[in-house]
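The lines below spell out each chain.
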Amino acid sequence: VQLQASGGGLVQAGGSLRLSCAASGRTFSRNAMAWFRQAPGKDREFVAGINGSGLRTSYADSVKGRFTISRDNAKNTVFLQMNTLKPEDTGVYFCAGDRAPLQFPGPNTGAYDYWGQGTLVTVSS
């Protein structure tokens, strides 16, 4: 199983980026997926999660109203649309998948069994 994250880059504060996470090796259409991020010198933190159907989402307070998570199960891909980016959004963004089906996309790293390699997002002030 592989999760391939892409879409990171350098953007000015106030700008937007769209991250993608393409899964291969198994289908995740019934499984929660999530995005986490890790800034230099800090722990990995939850950003957003989505359940298998796409009807339930959850967000960290710091990104509510600015980020939107979505998924295309036909393409086995999860997206993170990031708007109004701030310098504090800088970090490596990881996508993650839960092996167990029908779970709520919670914020704990231990709930996810599969992890992508990460994509770097840098927001300049």
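Residues numbered from 1 in each chain as written. Predicted model: local features only at pLDDT ≥ 70, side-chain atom pairs only at ≥ 80, totals over all residues. Heavy atoms only, no water.

S.K.: A description of the environment of Arg-30 should follow, citing residues and the corresponding values.
M.R.: Relative to the helices and strands, Arg-30 resides in the loop between strand S3 (17-24) and strand S4 (31-38). Separated by 52 residues in the primary sequence, Arg-30 and Met-82 have C-alpha atoms spaced 24 Å apart. Beyond its immediate stretch of four places on either side in the chain, Arg-30 contacts Gly-52, Pro-101 and Leu-102. (Helix = DSSP H or I, 4+ residues; strand = E, 2+ residues; numbered from the N terminus. Contact = heavy atoms within 4.5 Å.)

S.K.: Describe the side chain of Asn-31, listing the residues and the values that go with them.
M.R.: Relative to the elements of secondary structure, Asn-31 occurs in strand S4. At a separation of 3.1 Å, a polar atom in the side chain of Asn-31 contacts the side chain of Arg-26. Not counting residues within four places of it along the chain, the set of residues in contact with Asn-31 comprises Arg-26, Ile-50, Asn-51, Gly-52, Arg-71, Asp-98, Arg-99, Ala-100 and Pro-101. (Polar contact = N/O pair within 3.5 Å; in protein donor to acceptor, adjacent residues only side chain to side chain.)

S.K.: Give me the state of the cysteines: which residues, what numbers.
M.R.: Considering all chains together, one arrives at 1 disulfide under this definition. Across the disulfide from Cys-21 sits Cys-95; the S-S distance is 2.1 Å. Note on the Cys-21 and Cys-95 pair: the S-S dihedral is about 60°, so by sign convention the disulfide is right-handed. Here Cys-21, found in strand S3, pairs with Cys-95, found in strand S9 (residues 91-101); they are 74 residues apart in sequence, far enough to count as distant. The residues Cys-21 and Cys-95 share a single accessibility class, namely buried. (Disulfide = S-S within 2.5 Å. Buried < 20%, exposed > 50% of the residue type's maximum accessible area, 1.4 Å probe, protein only.)

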